[in-house]
Every structure is written in structure tokens, then in C-alpha cells.
Amino acid sequence: MSENSDVFKNTIKQNLAPIWSYLEDKTVSEILINSFQEIFVERKGKLERVPAKFLDEDNLRAAVNSVAQSVGRRITDEEPRLDARLPDGSRIAVVIPPCSRKGTTVSIRKFTNNKISFADYIRLGAISEDGARFLDVCMFLGKNMIVSGGTGSGKTTLLSLLCSRIPKGQRLIVIEDSSELQIEYDHVVMFETRQANGVGKGEVNMKDLLKSSLRLRPDRIIVGEVRSSEALELINAMNTGHKGCLGTIHANTPEDAIVRLEALAQGGDGKISEKALRSQVSSAVELMVQVTRFTDGSRRISHISEVLGFHPDGSYHVVPIFQMSRMKRRTDGSLEGFLEPTGEIPTFMDEIVDNNLPFPQSKFIKKTG
Ligand SMILES: Nc1ncnc2c1ncn2[C@@H]1O[C@H](COP(=O)(O)OP(=O)(O)OP(=O)(O)O)[C@@H](O)[C@H]1O
Ligand SMILES: [Mg+2]
């Protein structure tokens, strides 16, 4: 461990003493502080309340301020929100009163360096073997893909996993708000946004970084999370020959995700007509991969869908190729369900055949019974 991270660890240990044991506990993935005396942790995808408490609101606020300062950031009445990455790779989000009604609210998503491979993903039941192979095929063919899912459903984890399947010899440019993707690849350029300083100067946002990245000879552009008007730049990049661009978006279904992408892109250029934008979005995005956090705490891929255009009524034509079967609850409370082919054949089947990829058309046949 470097000297810097030792100093940081001590800062955290002193300031966040009441929750230190949960920060150290490897079974805890997330710590949620709703007020100085209301703290929850997440273990195996399930939330539980814990007895830990800070002395009072001032004590919690001071602790959070010190942590913010240790990463060169501030939380003040003018800037009552903080989203930052800690030196150990964990992510912290804070909102203070009056925006936060109960008191200082904090979430810490702990960094895990357990790399998830497709094999782990299959073992965890997050994807079927054929689903994983199909995603591999799509990565090989350089399909433009959007991973969508709700909060904490596993979008970033899946995006990291997909990046590890990019064929060798390409140049990746990765753009994130606060860096969390763990990408194993030999030619990667990583960009992170910068907030404005105390006098409102020096902001570099996702859109700026996307513009710069287009001039830096990317083979693939990867956007950690599309949450604003940078959606338009991403769509343009996908439509101008940058194959295999990837991004994530917050949405509960693939259909909602693509509509959200369009709405975000609309914010990037008020002048573009709805129809023109819809046609750009539908030709840019080829596949939507939906991740879902289920009630048993598991996180799994629930849909792999192809975007085929849009209907005369303006709705997108999104066709599931693999979809989660109906879930049954086992006696231990866990859910049984499998990602199964729907019977739809992707429109790029000929590309799969022409590239001699080991994924025969029979894999798309819907199972009966
Ligand atoms: N398939 C999986 N099985 C078990 N745990 C998983 C799985 N995918 C992700 N996780 C864990 O779930 C947590 C949330 O994952 P991740 O950060 O990828 O979600 P996210 O959708 O990107 O969240 P956010 O909406 O906050 O950006 C992490 O602790 C991660 O290790
Ligand atoms: Mg994420």
C-alpha cells in the first residue's frame, strides 16, 4: 500500500470510527448513513440496519468534511452535495441538510477488487452460458451497446466485464464522472470529469471529454454512465464509425433506457427534430443489456435486446433475444430463473456466420416445456 493510501486510511479510520468495522468487513458491499443514528449496510445484496451511531449530527458532519478534504473537495452550504472517489477506489456520495431532511446522508460503495469474470458471472447465476457467449460475440463484432439498470443493479460491474472481452489491439477511451471502472486492457486512456472551483471556473464535464476523446483516435469510446446531454455526443460517435462504443444508463427496462437516452440527447441540441433524433438513436444503439436487482438480492441480466428502429407511433422497436424466464421462489427464499433465448434471431446473424464465430443459429431457438 502506498504512503498516500496509508495516510488516507488513517484519516478514514479516525473520522469514520463508528463505521470502521463495516469498512473493514469484506462481506459488506455498501454502507448507507441516513442520519447520525440511522445506519444500514448491504450484505449479499440485502440491506440490514446496524447498531453503529455517530455522536450527533455535528460529529457526523465534521467526519464527512474531513473525508471530503482528504480528497481535495468541500461540502458547504453552496455545495451541499459531494460525489467522489476515495483513494482506495470506493465511491462516496453525500448530501447535507437542508437538502437532506433527516441530517447528513452518506453512501459508501466499497471498492472490491474481486474481478468478476464471465465464469463467475455464470456461477453467480447472473447470466446463462449461452448469454455470456452471445455477449462475447457482440463484443467481438463491435456492436454498440448500452447497459441499463436501476441503482446498484450491477451496471458498472457488467461494463467492466464487457470491456475485458474487447479483442486485443484496439485503443479504448474511457470517460467517467468519478472513476470506478476496472478495465483490464493493454491500451486504455482514462478520463475523469472535474468540478468547477470555488469561483465557478474550470469545470470539465462529460460532454467536453467526449468531444476531446473523438480527436484522440479512439477505437472504442466507453462512457461510465450517461446521465446528461453528453448522450448526443455518444450517439454521434456511434453513428460516425466508432464501432463498439459502450455506456450505461439508469432505467428499469430496455425500452425505458432508450427513451431516456433520447431525452438526454435532446438536451444536447434543442434544435434537432424528434424524428431525426429518434432515427439517430435507433441506428446508433445496436444492443441493450438490462441488469436487474431481484428481491432475493441477486443481480442478474434480465434482457439482451436488439434495437431495430422505431414504429410509426414513435415507440422504439426493441426485440429481446435473450430474456429472463418467469421466476419461481425456492424454499430458501432465493429466486430460480434463467436467461433464455426468445426465438428471435439477431439481424446480424450473417456477421456471426461470416466471422466463423462459434455461435450457431440453433442457440436462438426458444426452449419449450
Ligand atoms: N452479478 C452480480 N452478483 C453479485 N454482486 C454483484 C453483481 N453485479 C454487481 N454486484 C455488486 O453489486 C454492487 C453494485 O454494483 P455496480 O456498482 O456495478 O452497480 P451499478 O448499477 O453500477 O450502481 P450505480 O447505480 O450506483 O452506478 C457492487 O458491490 C458489485 O460488486
Ligand atoms: Mg455504476
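Here the structure is shown first, and the text comes after it.
Residues numbered from 1 in each chain as written. Chains lettered and ligands numbered in written order. Predicted model: local features only at pLDDT ≥ 70, side-chain atom pairs only at ≥ 80, totals over all residues. Heavy atoms only, no water.

Enquirer: I'd like a rundown of the packing of aromatic side chains, residues and numbers included.
Expert: Enumeration over the complete set of coordinates arrives at 6 aromatic pairs. Centroid distance Phe134 to Phe322: 5.5 Å. Interplanar angle 40°. Geometry classified as tilted. Taken together, the residues span a long stretch of sequence, with Phe134 in helix H5 (residues 129-141) and Phe322 in strand E14 (residues 316-324) at a distance of 188 residues. Using a relative accessible area of 0% as the deciding quantity, one classes Phe322 as buried. Note on Phe134 and Phe359: the rings are 5.7 Å apart at their centroids and 45° apart in plane angle, and the pair reads as tilted. Of the two residues, Phe134 sits in helix H5 while Phe359 sits in the segment after helix H11 (349-354), which places them 225 residues apart along the sequence. The burial state of Phe134 is the same as that of Phe359; both residues are buried. (Phe/Tyr/Trp six-rings, centres within 6.5 Å; stacked < 30°, edge-to-face > 60°. Helix = DSSP H or I, 4+ residues; strand = E, 2+ residues; numbered from the N terminus. Buried < 20%, exposed > 50% of the residue type's maximum accessible area, 1.4 Å probe, protein only.)

Enquirer: Can you explain the site of ligand 1? Please cite residues and give values.
Expert: Inspection of the region around ligand 1 gives 17 residues, with Arg91, Arg109, Lys155, Thr156 and Thr157 positioned closest. A distance of 3.1 Å is found between an oxygen atom of ligand 1 and a backbone nitrogen or oxygen belonging to Ser153. Starting from 640 Å² of accessible surface for ligand 1 in isolation, the protein chains cover 87%. When residues of the shell around ligand 1 are assigned to their parent elements, the largest contribution, 3 residues, is made by helix H6 (residues 155-163). Of the residues contributing to the shell around ligand 1, the split by class is 3 nonpolar, 9 polar and 5 charged. When residues of the shell around ligand 1 are assigned to domains, at least three fall in each of domain 1 (3-109) and domain 2 (118-364). (Near = heavy atom within 4 Å. Polar contact = N/O pair within 3.5 Å; in protein donor to acceptor, adjacent residues only side chain to side chain. Areas by Shrake-Rupley, 256 points an atom, 1.4 Å probe, with all protein chains shown as cover. Nonpolar A, V, L, I, M, F, W, Y, C, P; charged D, E, K, R; others polar. Domains from an automatic or database assignment.)

Enquirer: Kindly report on the pattern of salt bridges, identifying the contributing residues and their values.
Expert: Taken as a whole and judged by the stated rule, the model has 26 salt bridges. Put simply, Arg85 and Glu192 hold a salt bridge, and the shortest N to O gap is 3.1 Å. Taken together, the residues span a long stretch of sequence, with Arg85 in strand E4 (residues 81-85) and Glu192 in strand E9 (residues 188-192) at a distance of 107 residues. Residue Arg85 is classed as partly exposed on the basis of its relative accessible area, which comes to 33%. (Salt bridge = Lys/Arg side-chain N within 4 Å of Asp/Glu carboxyl O.)

Enquirer: Kindly report on helix H3 (residues 57-70), identifying the contributing residues and their values.
Expert: For H3, which comprises 14 residues, the first-to-last C-alpha distance of 20 Å matches the rise-based estimate of 20 Å (1.5 Å per residue) to within 8%. Listing the buried residues of H3 in full gives Glu57, Leu60, Ala63, Val64, Val67 and Ala68. The arc enclosing the buried residues of H3, seen along the axis, measures out at 135°, which places them on a common side. Within H3, the exposed residues directed more than 90 degrees away from the buried face are Asp58 and Gln69. Here H3 starts with a cap whose side-chain oxygen sits 3.3 Å from the backbone nitrogen of Asp58, and that cap is Asp56. Two residues or fewer after H3 comes Gly72, characterised by a positive phi angle close to 70°. (Expected span 1.5 Å × (residues − 1). Arc of directions from axis to C-beta.)

Enquirer: For the packing of helix H8 (residues 230-239) against helix H10 (residues 274-284), give the residues involved together with the corresponding values.
Expert: The geometry of H8 relative to H10 is characterised by a closest axis approach of 9 Å and an angle of 60° between their N-to-C directions. It follows that H8 is oblique to H10 by the angle criterion. Crossing handedness for the pair H8 and H10: left-handed. Note on element contacts: H10 touches H8 through Leu277, Gln280, Val281, Ser283 and Ala284, opposite Leu232, Ile235, Asn236, Met238 and Asn239. Split by residue class, the contact of H8 with H10 holds 6 nonpolar, 4 polar and no charged. (Axes fitted to C-alpha atoms, helices over the stretch in contact; angles between N-to-C directions. Parallel < 35°, antiparallel > 145°, perpendicular 65-115°, else oblique. Left-handed = near helix turned anticlockwise from the far one by under 90°. Contact = heavy atoms within 4.5 Å.)

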